[in-house]
Amino acid sequence: MFFKTIDFSKYSSIKIGQPTQVLMLEEGDEMPSDRYLIGGANNLLVSPTPPPLMMLSKDFATITQEESILTIGAAMPTGRIVSHAKKHNIAGFEFCSKLPGTLGGMLAMNAGVKEYEIFNILHSIKINAKWILAQDIAHGYRFAKLEGIATHARFEIQNGFNQELLDDLLNLRSNQPHEPSAGSAFKNPEGDYAGRLIESVGLKGARKGQMQWSTMHANFLVNLGGGTFEDAKSLIDLAKSEVLNMFNIALIEEIKIL
Ligand SMILES: Cc1cc2nc3c(=O)[nH]c(=O)nc-3n(C[C@H](O)[C@H](O)[C@H](O)COP(=O)(O)OP(=O)(O)OC[C@H]3O[C@@H](n4cnc5c(N)ncnc54)[C@H](O)[C@@H]3O)c2cc1C
């Protein structure tokens, strides 16, 4: 293992944070239990005082294919997974396109688009050096109970990369904000949409400093350039309290605040 300085104002998708020492884990390392693991920081809001952080090094950015089993390292970026699937005519990974991050982040968030979620195609995950079947891991909408660091995952190969599905999903993305964000700030409450609720309480387009509830998609907290953690957090808290007051619905963050 070794330390690397990561500047979260550049590395994180929402472009907030500061240069921070992150412990990089290499193959064969003992996995520490006293640090918070990050992946590609596409779902994170890093405060000025984050907990001690760690990250899987490129040792875990691997893809191996043996007969009908695809084994992918948790540091592998989603874009490269989609390219591999396309090149080898493998079905199931189309939705990972334009879903920024690493496989580890996808597993921990049960990331997905519409009805497509990573757990739907997952065979098993290697956590703390033990393979665990997907069906034995509690998971749901944007949630999976991983008890430790996921280093690898296995998928049973189904043939037939679906370019049409990929194109449809890419089209779906065209109405997303282009400014830096961490994707959806809140999970959708059962039977409703966080974006609709934020819009209904009049916060669509609301600004604090350089942070804004997007005018394109109210559940995206966007950074207009130089936005701060404090401004982001204050808009999150405001949306939560307004939605609670008006609709008696407690919004739950999808973004992880560190
Ligand atoms: C523009 C934009 C659009 C997005 N659209 C979507 C979308 O449509 N659907 C969707 O689901 N998400 C979406 N997201 C959110 C994000 O892409 C996903 O949550 C992604 O899976 C995060 O991956 P990451 O590697 O960046 O994880 P990080 O943000 O670094 O971490 C997320 C969580 O995963 C945990 N984690 C990371 N690696 C591991 C590991 N190896 N083992 C155990 N836990 C781990 C972290 O501890 C943290 O709790 C979007 C984000 C952006 C910026």
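Given the structure is predicted, the values throughout are model-derived calculations rather than measurements.

Draft legend 1. Fine view of the overall build of the chain. Of the regular secondary structure elements, the chain holds seven helices and 18 strands. Judged by the C-alpha coordinates and their principal axes, the chain covers about 55 × 40 × 30 Å. Within the chain, the proportion of its 258 residues that are buried is 46%. Contacts spanning at least 24 positions in sequence make up 60% of the contacts within the chain whose residues lie at least 6 apart. Only carbon and sulfur atoms are counted for the fraction: they give 50% of the accessible area of the chain, which is about 12700 Å². Each charge class in the chain was averaged separately, 24 positive and 28 negative side chains, and the resulting centres sit 4 Å apart.

Draft legend 2. Here's a closer look at the site of the ligand. Around the ligand sit 35 residues, and of these Y36, L37, P100, T102 and R173 come closest. Contact distances for the ligand include 2.5 Å between an oxygen atom and a backbone N or O atom of P100. Within the backbone of M106, an N or O atom sits 3.2 Å from an oxygen atom of the ligand. The protein chains hide 91% of the 990 Å² of surface that the ligand would expose on its own. Elements with a contribution of two residues or more to the shell around the ligand: strand 3 (36–38), helix 3 (103–109) and strand 8 (112–113).

Draft legend 3. Examining the sheet that holds strand 14 (residues 150–156) more closely. Read across the open sheet, the five strands follow the order 6-7-14-10-11; overall the sheet is antiparallel. This sheet does not close on itself; its edge strands, each paired only once, are strand 6 (63–66) and strand 11 (130–133). Direction aside, neighbouring strands of the sheet carry axes that sit 20 degrees apart on average. Taken strand by strand, helix 2 (residues 78–87) contacts strand 6 and strand 7 (69–73), and its axis lies near 30 degrees from that of strand 6.

Draft legend 4. A look at the environment of Q212. Mapping Q212 onto the fold places it in strand 16 (residues 211–213). Under the relative-accessibility criterion, Q212 is labelled buried at 12%. Spatially, the C-alpha atom of Q212 lies 7.7 Å from that of L235, the residues being 23 residues apart in sequence. Filtering out sequence-adjacent residues up to four positions away, Q212 remains in contact with G205, A206, R207, F220, L221, V222, L224 and L235.

Draft legend 5. Just the environment of L53, in detail. Among the secondary structure elements, L53 is positioned in strand 5 (residues 53–56). Take L53: its relative accessible area is 0%, and that puts it in the buried class. Placed 31 residues apart in sequence, L53 and V22 show a C-alpha to C-alpha distance of 5.1 Å. Beyond its immediate stretch of four places on either side in the chain, L53 contacts F8, T20, Q21, V22, L23, R35, Y36, I38 and L258.

Draft legend 6. Structural view of the side chain of T71. One can find T71 in strand 7. By relative accessible area, T71 is classed as buried at 16%. With near-sequence residues (within four places) excluded, T71 lies in contact with T62, I63, T64, W131, H152, A153 and R154.

Draft legend 7. Highlighting the pairing of strand 14. Burial analysis of strand 14 places five of its seven residues in the buried class, which makes it a mostly covered element. As paired strands, strand 7 and strand 14 are joined by five bridges and run antiparallel to one another. Opposite L70, over in strand 14, you have F155 as the bridge partner. In the sheet, strand 10 (residues 122–127) pairs with strand 14 via five bridges, with the strands oriented antiparallel. By the bridge assignment for strand 14, I125 is matched with A153.

Parameters at a glance
- Residues numbered from 1 in each chain as written.
- Predicted model: local features only at pLDDT ≥ 70, side-chain atom pairs only at ≥ 80, totals over all residues.
- Heavy atoms only, no water.
- Helix = DSSP H or I, 4+ residues; strand = E, 2+ residues; numbered from the N terminus.
- Buried < 20%, exposed > 50% of the residue type's maximum accessible area, 1.4 Å probe, protein only.
- Contact = heavy atoms within 4.5 Å.
- Areas by Shrake-Rupley, 256 points an atom, 1.4 Å probe, with all protein chains shown as cover.
- Lys, Arg positive; Asp, Glu negative; His and termini not counted.
- Charge placed at Lys NZ, Arg CZ, Asp CG, Glu CD.
- Near = heavy atom within 4 Å.
- Polar contact = N/O pair within 3.5 Å; in protein donor to acceptor, adjacent residues only side chain to side chain.
- Pairing = 2+ DSSP bridges.
- Axes fitted to C-alpha atoms, helices over the stretch in contact; angles between N-to-C directions.

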